[in-house]
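# Results of the structural survey
Listed below are the residues making up each chain.
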Amino acid sequence: MLDCAALFISDLHLGSNQCEARQLSQFLGLIRPRVLYLVGDVIDLEAIRINAHVSERFLTDWVDRLMDGSAADPLEKACIGSRKLLRNSHLQVLQDLRDLVRGGVRLVYVPGNHDAYLRKYAGLDTDHFAIRREDVYTAPDGRRLLVRHGDEYDGVIQLHEQLAGHLIRVQEQYSQLIQWFRSAGEVIRPAAPLASWNPEAILQGAVEILAEPWVWPVPAPRGLRSSPFSLAFALERAIKTRTGHDRVLKRLMTQHLFRENRSGQRLAGLINGHTHIPEVTSFEAPPEAGADPLAPCHITTYNDGSWARSQRQLGRTALVVAHDGTIGMIRFDHNVGIVPFRPPRFPFNSYPLRPCSVCGAPVADLAKADGSAALPDPGIGELLALVRGLAWPERSHIRS
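Anyway, here's the lowdown on the structure attached to this text. Note that the coordinates shown come from a computational prediction; the quantities given were computed from them, not determined experimentally. (Residues numbered from 1 in each chain as written. Predicted model: local features only at pLDDT ≥ 70, side-chain atom pairs only at ≥ 80, totals over all residues. Heavy atoms only, no water.)

## Things to note about the overall build of the protein
- When helices and strands are counted, the protein shows 11 helices and 16 strands.
- Every one of the 400 residues in the protein was classed for burial, and the buried ones make up 50%.
- Long-range contacts, defined here as pairs at least 24 residues apart, represent 76% of the contacts in the protein between residues at least 6 apart.
- When the accessible surface of the protein is totalled, it reaches about 19,100 Å², and 56% of it is carbon and sulfur. (Helix = DSSP H or I, 4+ residues; strand = E, 2+ residues; numbered from the N terminus. Buried < 20%, exposed > 50% of the residue type's maximum accessible area, 1.4 Å probe, protein only. Contact = heavy atoms within 4.5 Å. Areas by Shrake-Rupley, 256 points an atom, 1.4 Å probe, with all protein chains shown as cover.)

## Regarding empty space enclosed by the protein
- Across all of its chains, the model carries 5 cavities of 30 Å³ or more by this definition.
- Taken as a whole, the largest cavity spans an internal volume of roughly 70 Å³.
- In terms of lining, the largest cavity is formed by D246, L249, K250, M253, N272, T275, E279, T301, Y302 and N303.
- Secondary structure elements with two or more residues in the lining of the largest cavity: α9 (245-262) and β11 (298-303).
- Looking at which element gives the most residues to the lining of the largest cavity, the answer is α9, with 4 residues. (1 Å grid on protein atoms, 1.4 Å probe; cavity = no way out; pocket = protein on both sides within 12 Å on 5 of 7 lines; lining within 4 Å. Points joined across faces, edges and corners; volume = space filled by probe spheres on them.)

## Thoughts on helix α4 (residues 88-102)
- With 15 residues, α4 ought to run about 21 Å at 1.5 Å a step, and its terminal C-alpha atoms sit 21 Å apart, in line with that.
- Taken residue by residue, α4 has S89, H90, L91, V93, L94, D96, L97 and L100 as its buried positions.
- One or two positions beyond α4, positive phi appears at G104, with a value near 105°. (Expected span 1.5 Å × (residues − 1).)

## Some details on the sheet that holds strand β14 (residues 337-340)
- Across the sheet, which stays open at both edges, the 7 strands sit in the order β6-β5-β2-β1-β12-β13-β14 with mixed pairing between neighbours. Only two strands of the sheet have a single neighbouring strand rather than two, namely β6 (129-131) and β14. Each neighbouring strand pair of the sheet contributes to a mean axis angle of 30°, computed without reference to strand direction.
- Pairing of strand β12 (residues 317-321) with strand β13 (residues 327-333) involves 5 bridges; the strand directions are antiparallel. Following the sheet pairing, T317 is matched in β13 by R331. (Pairing = 2+ DSSP bridges. Axes fitted to C-alpha atoms, helices over the stretch in contact; angles between N-to-C directions.)

## A short note on the pairing of β14
- Bridge count for β13 against β14 is 4 bridges, and the pairing is antiparallel. Residue I330 lies in a different strand from β14, and its bridge partner there is P340.
- Hairpin remark: β13 followed by β14, antiparallel, with 3 residues in the connecting loop.

## As for the side chain of T254
- Mapped onto the secondary structure, T254 falls in helix α9.
- If we skip the residues at most four places from it in the chain, T254 touches F283, I299 and L366.

## Remarks on the packing of helix α2 (residues 45-52) against helix α3 (residues 56-67)
- Packing of α2 against α3 leaves a shortest axis separation of 10 Å and a crossing angle of 120°. In terms of orientation, α2 lies oblique with respect to α3. The element α2 and its partner α3 pack so that their crossing is right-handed. Side by side, α2 and α3 meet where L45, I48 and R49 of the first sit next to E56, L59 and V63 of the second. (Parallel < 35°, antiparallel > 145°, perpendicular 65-115°, else oblique. Left-handed = near helix turned anticlockwise from the far one by under 90°.)

## Some points on the packing of helix α1 (residues 21-28) against α4
- Here α1 crosses α4 at 15°, and the two axes come no closer than 8 Å. Looking at the two axes, α1 sits roughly parallel to α4. The element α1 and its partner α4 pack so that their crossing is left-handed. Judged by residue contacts, A21, R22, L24, S25 and L28 of α1 engage S89, H90, Q92, V93, D96, L97 and L100 from α4.
- A breakdown of the residues in the contact of α1 with α4 according to their chemical character gives 6 nonpolar, 4 polar and 2 charged. (Nonpolar A, V, L, I, M, F, W, Y, C, P; charged D, E, K, R; others polar.)

See the structure below:
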C-alpha cells in the first residue's frame with residue numbers, strides 16, 4: 001500500500017462516458033492516505049442527467065433524498081424505477097471510497113462545477129467525512145494550502161453555462177462512440193496482478209521529480225509526442241494557446257492567494273483540478289510595504305489532473321503528500337501500477353522562469369508572458385478583459 005499523509009484527486013466524472021472507473025478502482029485499492037481529498041467534479045450530475053435521460057429536477061430531488069437518508073443506498077440499488085443512474089464500474093468506485101472511510105481514511109469532498117449542486121451541503125462533517133466549499137490543508141511541514149476545484153476562477157464557465165451544457169452533451173456522445181470503437185478493438189482479458197512494487201521508492205521518486213530545479217527558461221515542448229492522438233485535447237490545446245485562457249486563470253488564482261496572504265492567511269499555495277491538466281507552477285509574491293514577514297515569499301499552484309479520458313498518458317494522476325510534508329505527483333499505469341509522474345509542459349501553460357528574489361526557487365514570470373508575442377489579438381484580448389472583470393472570485397471565508 002502507498003502510505004502517505006494526504007492524497008488529492010479530482011475530475012473523476014462518475015456517471016460520464018469519460019470516466020476511467022476501472023483503473024480508478026484499482027488505484028484506490030493501492031493507497032492508504034490519512035486524508036483523501038476529492039477536489040471536485042467527482043460525480044458528473046449533468047452527464048448522469050443526459051445518459052440516464054432524466055430531468056434536472058428528478059436528479060436533484062434524488063440527491064436531496066439521498067443526503068437526508070430517505071432514498072435507497074445507491075450501492076444497494078443502482079436504479080430508480082427503470083432508470084439506471086450509474087454503471088457497475090462507477091458504483092464500484094463509490095464502494096471503494098466507502099471502504100477507505102471505513103478503514104479510517106478521512107474523506108474531504110470539495111464539489112466542483114459538474115457536481116455544484118452538492119455545494120448546498122457544504123459544512124456537513126462527520127468523524128471521517130466532510131463536504132467543504134473550500135478547505136485549507138495543513139501539511140506535516142506546516143505549509144497551508146488552499147483546496148478549491150478551480151472553476152471559481154474560470155469566467156468562461158460562469159458566463160456560458162448554457163453553452164457548456166450543450167458541449168457536455170456532444171462530449172458524452174463523442175466519448176461513447178470512441179469507447180465503442182476501442183472496446184471493439186481491444187482483447188478482453190482478465191486483469192493481471194501488478195508486478196511487485198516498492199511504495200516507499202515510488203513516493204520518494206515522485207517527490208524528487210517535483211523538487212528537481214527547472215531549467216531557465218523552460219522550453220515550450222509540444223507535449224507528449226508518444227501519446228495516442230486525442231481530437232478533444234488537440235482542440236483544447238489550440239484554443240487555450242490562442243486565447244491565453246490558462247494565463248487568465250493563473251492571474252486570478254495568484255491575485256486571490258496574494259490578497260488572502262495580505263490579510264494574514266499565510267497560504268503557501270493552491271491545490272485545484274478543473275482543467276484536467278496536471279501541473280505545478282510557482283509565483284513570487286509582490287513586494288509590499290508592511291507585508292507579513294512570515295508570509296511565504298512565493299506561492300505554488302498544484303493541479304492534480306483528472307481521471308477522465310483525454311490523452312491516455314496524461315490522465316489518471318494524483319497529488320500526494322509524504323509524511324514529512326514533501327509533495328509529489330503520481331500516475332496510475334494499468335500495466336505496472338502507480339508510478340512517479342512529472343507533469344509535461346505545453347505551449348499554453350509554459351511561462352518564462354526566473355529565480356525567486358528571496359529564496360532562489362524557480363518562479364513563473366507572468367509579466368513577461370503577458371508581454372510576449374503569444375498575446376491574443378485585440379478582439380480576444382477585449383473578451384479576456386471582460387472575463388477578468390466579471391470572474392473576480394469572491395473573498396473566501398478561510399478558517400485559520
